[in-house]
Amino acid sequence: MSKIVILGAGIAGHTAARHLHTLLPAEHQIVVVSPNPQWNWVPSNVWVGVGQMAEKEVTFDLAEIYKKTRIDFKQAKGIAIHPEGSSTLGKPYVTIESTLSSTAGQMESIEYDYLINATGPKLNFGATEGLGPDHGHTVSVCTAAHASEANHKLQIIIEALKRGEKKTIVIGTGHGTCTCQGAAFEYIYNVDHVLREAGVRQHARIVWISNEYELGDFGMGGVHIERGGYITNGKTFAESLMVERGIEWIIRAHTKKIEAGKIHYETLDGTFHELDFDFSMLIPPFSGVGLKAYNKANEDITSQVFAASGFMKVDADYTARPYAEWSAGDWPKTYQNPSYRNLFAIGIAFAPPHLISKPMQSANGTPINPAPPRTGMPSAAMAIAVAKSICDMINGAEAPTHTASMAKMGAACVASTGAHLLRGSAATMTVYPIVPDYETYPEYGRDLELTFGEIGLAGHWLKTLLHHTFIYQARLKPGWRFLPD
Amino acid sequence: MTKQMNKEPYQQAYYPPTPTGITRYMRSNILWQLVRFAVINFKMLKLMRKSH
């Protein structure tokens with residue numbers, strides 16, 4: 001009998017759990033540990049953030065779902081990994097701290113044969129003074145609760161606009177090293193849409209601010225797409241979307257500090273600026289959740305297991321090299337920790353070998369470059385590969401048998417607006433592979449048949465279909481395993 | 001009759017392409033969008049299959 005512990009129950013952790021549950025015979029034990037009692041379909045948070053969906057439509061109780069299975073769910077947060085065990089516990093184990101109100105703060109040690117770290121990111125609002133909904137002046141759509149609060153504040157702005165007041169809305173990234181521009185990109189179009197629906201768009205100035213070198217970078221160094229008989233850069237596509245909607249943009253920007261109604265930012269040329277706002281949604285930078293690691297002698301080995309960012313080291317090539325020497329082969333394939341064969345990290349929890357976008361610094365030495373995106377589709381692909389590898393290793397395989405490199409997988413971003421099936425619209429963008437592979441695709445690093453962008457109602461239908469399909473699948477409803485991940 | 005002023009050229013919004021009337025119409029034309037829905041779904045499934 002083997003015991004597999006999964007830390008985190010987001011898209012990556014929950015996908016790994018449901019596939020392990022299907023693949024492994026009943027004698028094996030699966031434990032999921034998550035500080036959050038609910039699963040959240042994060043891509044639909046943008047709809048919650050503009051009031052077109054309720055929080056309960058994008059979340060469900062994990063305990064209720066896992067009750068239908070043999071998966072043991074513990075509402076707790078991971079604190080430390082002991083991959084060699086300790087002087088008293090012979091097997092590897094992880095210490096967790098309960099977040100259930102009845103047992104909050106209680107510590108527990110769980111032994112494991114295999115551990116999957118799928119803890120996702122820490123939303124590092126503290127990296128920028130005044131950023132975030134809890135201690136700052138901006139809102140967020142990173143969690144369903146944040147998105148709900150964002151909508152509440154947006155509705156107040158819409159009411160003021162209806163009275164004829166002028167308001168400035170700023171949406172984008174809250175630090176020079178942020179990723180997840182796609183979520184902010186979707187949100188800005190949704191805000192523009194609801195303002196138009198409310199008949200108040202003419203009273204609002206909407207501004208995009210981001211750390212991208214050019215619009216449409218998305219932390220992937222931008223993409224090329226075929227359009228209108230030309231191969232053009234995604235920058236043209238993204239700028240066209242902004243101009244059509246009357247949205248201004250500020251790029252190459254590091255948000256330094258936010259005061260009530262004022263954003264202070266630095267741009268790549270080393271100059272400093274201020275931007276007044278009435279409502280702002282800025283994505284925070286991400287870091288690891290702060291897990292620690294100890295060896296058998298209880299010595300701190302966190303720096304051996306985790307990168308400085310707090311994300312876990314896996315089978316990537318972390319050798320520091322100049323940008324020109326980066327390659328698709330640097331990216332991890334099996335997500336196995338190089339020091340401990342039964343330790344894996346997937347989704348946002350693994351440490352990327354380097355950026356995808358070219359590193360940039362302002363004249364003052366401030367890094368202003370997007371971090372690599374790790375969205376739902378790649379997270380699910382990594383989770384399935386790791387689940388299959390663990391099954392094979394339990395059955396005797398020496399090493400992981402399945403791979404899911406970000407240089408061999410795609411991602412999609414559908415910025416869909418509107419609740420009505422015939423009045424909505426969407427900008428649909430896909431990229432393959434996420435990490436450019438100039439050996440396979442020498443010209444642009446990507447497959448131009450699968451890297452495309454288009455605008456229209458079809459994308460809106462697709463996004464609605466994806467929302468319902470993935471929630472149905474995650475709820476383990478009948479036939480879920482036949483749906484694509 | 002007021003005199004039409006010159007439009008300021010060298011601004012952010014001056015350069016990107018903007019959709020023509022026919023492009024905007026096709027984005028919401030149900031029949032065309034049903035075709036595009038089938039095409040996008042096919043490409044997405046291909047993308048997902050290549051990713052796993």
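Residues numbered from 1 in each chain as written. Chains lettered and ligands numbered in written order. Predicted model: local features only at pLDDT ≥ 70, side-chain atom pairs only at ≥ 80, totals over all residues.

Caption draft 1: Summary view of the overall build of chain B. When helices and strands are counted, chain B shows 2 helices and 0 strands. For a compact globule of 52 residues, the expected C-alpha radius of gyration is about 10 Å, and chain B comes in at 20 Å, more than 25% above that figure. Each of the three principal axes of chain B carries a C-alpha extent, and together these read 60 × 25 × 10 Å. (Helix = DSSP H or I, 4+ residues; strand = E, 2+ residues; numbered from the N terminus. Rg over C-alpha atoms; globule rule 2.2 N^0.38 Å.)

Caption draft 2: A look at the overall build of chain A. Scanning chain A for helices and strands turns up 9 helices and 24 strands. The C-alpha radius of gyration of chain A comes to 22 Å, within 12% of the 23 Å expected for a compact globule of 485 residues. Projecting the C-alpha coordinates of chain A onto the three principal axes gives extents of approximately 70 × 50 × 40 Å. Put simply, chain A has 485 residues, and 56% of those count as buried. Of the contacts made within chain A by residues no fewer than 6 positions apart, 66% connect residues no fewer than 24 positions apart. (Buried ≥ 20, exposed ≤ 12 C-beta atoms within 10 Å, placed from the backbone. Contact = placed C-beta atoms within 7 Å.)

Caption draft 3: Looking closely at the interface of chain B and chain A. In this complex, chain B contributes 22 residues to the contact, which on the side of chain A involves 28 residues. For the side of chain B that touches chain A, the secondary structure elements donating two or more residues are α1 (21–28) and α2 (30–51) of chain B. Ranked by residue count, the leading element in the side of chain B that touches chain A is α2(B), at 13 residues. Of the residues belonging to the side of chain B that touches chain A, the class tally is 10 nonpolar, 7 polar and 5 charged. (Nonpolar A, V, L, I, M, F, W, Y, C, P; charged D, E, K, R; others polar.)

Caption draft 4: Representation of the packing of helix α1 (residues 11–23) of chain A against helix α8 (residues 376–394) of chain A. All names here are of chain A. The contact between α1 and α8 brings their axes to 8 Å, and the two run at 35 degrees. Seen along the crossing, α1 lies across α8 with a hand that is right-handed. Judged by residue contacts, I11, A12, T15, A16, H19, L20 and L23 of α1 engage G376, S379, A380, M382, A383, I384, V386, A387, K388, I390 and C391 from α8. Its residues assigned to classes, the contact of α1 with α8 comprises 13 nonpolar, 4 polar and 1 charged. (Axes fitted to C-alpha atoms, helices over the stretch in contact; angles between N-to-C directions. Left-handed = near helix turned anticlockwise from the far one by under 90°.)

Caption draft 5: Inspection of the sheet that holds strand β11 (residues 204–209) of chain A at higher detail. All names here are of chain A. Strands sit in the order β14-β11-β10-β18 across an open sheet of 4 strands; the sheet is parallel. Both outer strands of the open sheet, β14 (248–250) and β18 (279–283), are each paired with one neighbouring strand and no more. Sheet twist, expressed as the mean angle between neighbouring strand axes with direction ignored, is 15 degrees. (Pairing = 2+ DSSP bridges.)

Caption draft 6: Main features of the sheet that holds strand β22 (residues 411–417) of chain A. Residue and element names in this part refer to chain A. The 3 strands are arranged β22-β23-β24 in an open sheet whose pairing can be described as antiparallel. The open sheet has two edge strands with one neighbour each: β22 and β24 (452–455). In this sheet, adjacent strand axes meet at a mean angle of 5 degrees when their direction is disregarded. Seen against the sheet, helix α5 (residues 181–197) touches β22 and β23 (425–431) and runs at an angle of roughly 15 degrees to β22.

Caption draft 7: Up close: helix α6 (residues 234–244) of chain A. Residues and elements named next belong to chain A. Taking burial as the measure, the 11 residues of α6 include 8 buried ones, the bulk of the element. Those residues of α6 that sit buried are G234, T236, F237, A238, E239, S240, L241 and M242. Next to the buried residues of α6 lie β11, β12 (224–227), β13 (230–233), β14, β23 and β24. Immediately downstream of α6, the backbone of G246 shows phi near 70 degrees, a positive value.

Caption draft 8: Spotlight on the nonpolar core. Residues and elements named next belong to chain A. Grouped together as the largest cluster of nonpolar side chains are 157 residues, with contacts concentrated most on A16, I116, I346 and V386. Top contributing element to this core by residue count: α8, with 11 residues. Excluding anything up to four places from it in sequence, V386 contacts A16, I116, Y335, F344 and I346. (Core = buried A, V, L, I, M, F, W, Y, C linked by C-beta atoms within 7 Å.)

Caption draft 9: Examining the pairing of strand β8 (residues 114–117) of chain A more closely. All names here are of chain A. Along β8, one buried face is formed by Y114 and I116 and the opposite face, lined by L115 and N117, is buried too. Two strands pair when backbone bridges link them, and β8 and strand β21 (residues 343–345) are joined in this way by 3 bridges, in the parallel orientation. Within β21, the position partnered with N117 by the bridge is A345.

Caption draft 10: Molecular detail of the pairing of strand β5 (residues 72–82) of chain A. Residues and elements named next belong to chain A. One ladder, built from 4 bridges, connects strand β2 (residues 29–34) with β5; its direction is parallel. Opposite V32, over in β5, you have F73 as the bridge partner. Sheet topology places β5 next to strand β6 (residues 93–98); 6 bridges connect them, and they run antiparallel. Directly across from A76, in β6, lies its bridge partner S98.

Caption draft 11: Highlighting the environment of G459(A). Among the structural elements, G459(A) can be located in helix α9 (residues 457–474). Residues G459(A) and N211(A) lie 248 residues apart in sequence; the distance between their C-alpha atoms is 27 Å. Discounting chain neighbours no more than four positions away, the residues touching G459(A) are V414(A), S416(A), A426(A), A427(A), T428(A), E454(A) and I40(B).

Caption draft 12: Structural detail: the confidence of the model for chain B. In the predicted model, chain B carries a mean pLDDT of 90, and the fraction of residues at 70 or more is 98%. As a predicted assembly, this complex carries a pTM of 0.94 together with an ipTM value of 0.90. (pLDDT = per-residue confidence, 0-100.)

Caption draft 13: Region of interest: helix α4 (residues 144–162) of chain A. Residue and element names in this part refer to chain A. The terminal C-alpha atoms of α4 lie 27 Å apart, and with 19 residues this matches the ideal 27 Å at 1.5 Å per residue to within 8%. Every buried residue belonging to α4 is among A144, H146, A147, S148, A150, N151, L154, I157, I158 and L161, and all of these are buried. One or two positions beyond α4, positive phi appears at G164, with a value near 90 degrees. (Expected span 1.5 Å × (residues − 1).)

Caption draft 14: How the structure looks around unusual backbone geometry. All names here are of chain A. Cis geometry marks the peptide bond from Y432 to P433, where omega comes out at -10 degrees. Take P433: it is sitting in the loop between β23 and β24. We note that C180 has phi near 65 degrees; this positive angle belongs to a residue other than glycine. By the element assignment, C180 lies in the loop between β10 (167–173) and α5. Given 24 C-beta atoms within 10 Å, C180 falls into the buried group. Of note in this structure, Y335 is not a glycine but carries a positive phi near 65 degrees. Summarising the element assignment, Y335 is placed in the loop between α7 (302–305) and β21.

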